[in-house]
Amino acid sequence: MKKALIITWERFQDHELIYPYYSLKENEFEVTLMANKVGRIYGDMGCHMPCDVTTNIFEDENIRKQYLNKYDVVLIPGGVKSLEKLRQEQGVLKFIQEWNAANKTIFSICNGAQLLISAKILQGRTISGYYSIDTDIKNAGATYSRGPVVVDGNIISTPHYDFMGEWMRTCIEVYEQRSYNPETII
């Protein structure tokens, strides 16, 4: 079975977690939600989601390796308050670096790009993210794109939840192309 890992923190942007979570399930992914605590976590608008595992497990290199081999996709939803906390988690940053180095598929929406910036994996890439972080993306060595969906190798990004339907369709299509032929760079 295909497996997706969603990495977030409390105060996530509700739309940007709930829609992709169920879209992945609809596309036959087993979905694990990782955040700062197990149990109910709440978004900025008050919706709650069931968190399965905590981010602090990534402090252990062996667990990071297990997760690297266990999952097919990492999805990073937005939420300014969420990303303020998440991008300080050194184990998560190491995991994202290792995930990217393995050329595994990353779905990023809105302020989720801040985690990619903090993980220092955007040099020479073209990426989208929320409009207010365009300078941050450029300062990370990437080209910022306002396009509704941007595909650069293993990273599929979008600036805003207004484009979630198109973004998720593209994410699934790119994942399927890459999993069929992992050497393909799109």
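Residues numbered from 1 in each chain as written. Predicted model: local features only at pLDDT ≥ 70, side-chain atom pairs only at ≥ 80, totals over all residues. Heavy atoms only, no water.

> Is there a simple way to think about helix H2 (residues 61-70) in this case?
Each full turn of the α-helix corresponds to 3.6 residues, which orients residues three or four apart in the same direction. Arg64, Tyr67 and Leu68 are the residues of H2 that are buried. End-on, the buried residues of H2 take up no more than an arc of 105°, which puts them together on one face. H2 presents Asn62 and Asn69 as exposed residues on the side facing more than 90 degrees away from its buried surface. Two to three positions downstream of the cap, the backbone nitrogen of Asn62 sits 2.7 Å from a side-chain oxygen, assigning the N-cap of H2 to Asp60. (Buried < 20%, exposed > 50% of the residue type's maximum accessible area, 1.4 Å probe, protein only. Helix = DSSP H or I, 4+ residues; strand = E, 2+ residues; numbered from the N terminus. Arc of directions from axis to C-beta. Polar contact = N/O pair within 3.5 Å; in protein donor to acceptor, adjacent residues only side chain to side chain.)

> Would you take a moment to explain the sheet that holds strand S6 (residues 73-76) for this structure?
Picture the strands of a sheet paired through backbone hydrogen bonds; they go either parallel or antiparallel. Sheet architecture is open: 7 strands sit in the order S5-S2-S1-S6-S7-S11-S10, paired in mixed fashion. Because the sheet does not close on itself, it has two edges, and the strands there are strand S5 (53-54) and strand S10 (150-152). With 4 bridges connecting them, strand S7 (residues 105-109) and strand S11 (residues 155-158) associate as parallel partners. Residue Ile109 lies in a different strand from S11, and its bridge partner there is Thr158. Sheet strands touched by helix H1 (residues 14-26): strand S1 (2-7), strand S2 (29-35), S6 and S7. Its angle to S2, the strand with the most contacts, is close to 150°. (Pairing = 2+ DSSP bridges. Contact = heavy atoms within 4.5 Å. Axes fitted to C-alpha atoms, helices over the stretch in contact; angles between N-to-C directions.)

> Which parts of the structure should I look at to understand the packing of H2 against helix H4 (residues 90-101)?
Packed helix pairs are specified by the crossing angle of their axes together with the interaxial distance, meaning the distance between the axes. Contact pair H2 / H4: the axes reach a minimum separation of 10 Å and the direction vectors enclose 40°. When the axes of H2 and H4 are compared, the pair comes out oblique. Considering the relative orientation of H2 and H4, their crossing is right-handed. On the side of H2, the interface is formed by Arg64, Tyr67 and Leu68, while H4 contributes Gly91, Lys94, Phe95, Glu98 and Trp99. Residue composition of the contact of H2 with H4, by class: 4 nonpolar, 1 polar and 3 charged. (Parallel < 35°, antiparallel > 145°, perpendicular 65-115°, else oblique. Left-handed = near helix turned anticlockwise from the far one by under 90°. Nonpolar A, V, L, I, M, F, W, Y, C, P; charged D, E, K, R; others polar.)

> How should I be thinking about the pairing of S2 in this particular structure?
Consecutive side chains along a regular strand alternate between the two faces of the sheet. Across the 7 residues of S2, 6 count as buried, placing the element largely inside the fold. With 6 bridges connecting them, S1 and S2 associate as parallel partners. Bridged to Leu5 within S2 is Thr32. Read as a crossover between parallel neighbours, the route from S1 over H1 to S2 is right-handed. As paired elements, S2 and S5 share 2 bridges and run parallel to each other. (Right-handed = clockwise from strand over helix to strand, strands pointing away.)

> Just checking my understanding: could you explain the packing of aromatic side chains for this structure?
When we look at a pair of aromatic rings, we describe it by the centre distance and by the angle of the planes. Enumeration according to the criterion identifies 8 aromatic pairs in this entry. Ring centres of Tyr130 and Tyr131 lie 5.6 Å apart, and the angle between their planes is 45°; on these two criteria the pair is classed as tilted. The class of Tyr131 is partly exposed, set by a relative accessible area of 27%. Lying across the ring of Tyr67, Lys70 places its NZ or CZ 5.7 Å from the centre. (Phe/Tyr/Trp six-rings, centres within 6.5 Å; stacked < 30°, edge-to-face > 60°. Lys NZ or Arg CZ within 6 Å of the ring centre and 35° of its normal.)

> Where do I start with unusual backbone geometry in this structure?
Glycine aside, negative phi is the norm for most residues, and most peptide bonds take the trans geometry. One non-glycine residue, Asn103, adopts positive backbone phi at about 60°. With respect to the helices and strands, the residue Asn103 is situated in the loop between H4 and S7. Since its relative accessible area comes to 28%, Asn103 is described here as partly exposed.

Nothing here speaks to function; it is geometry throughout.
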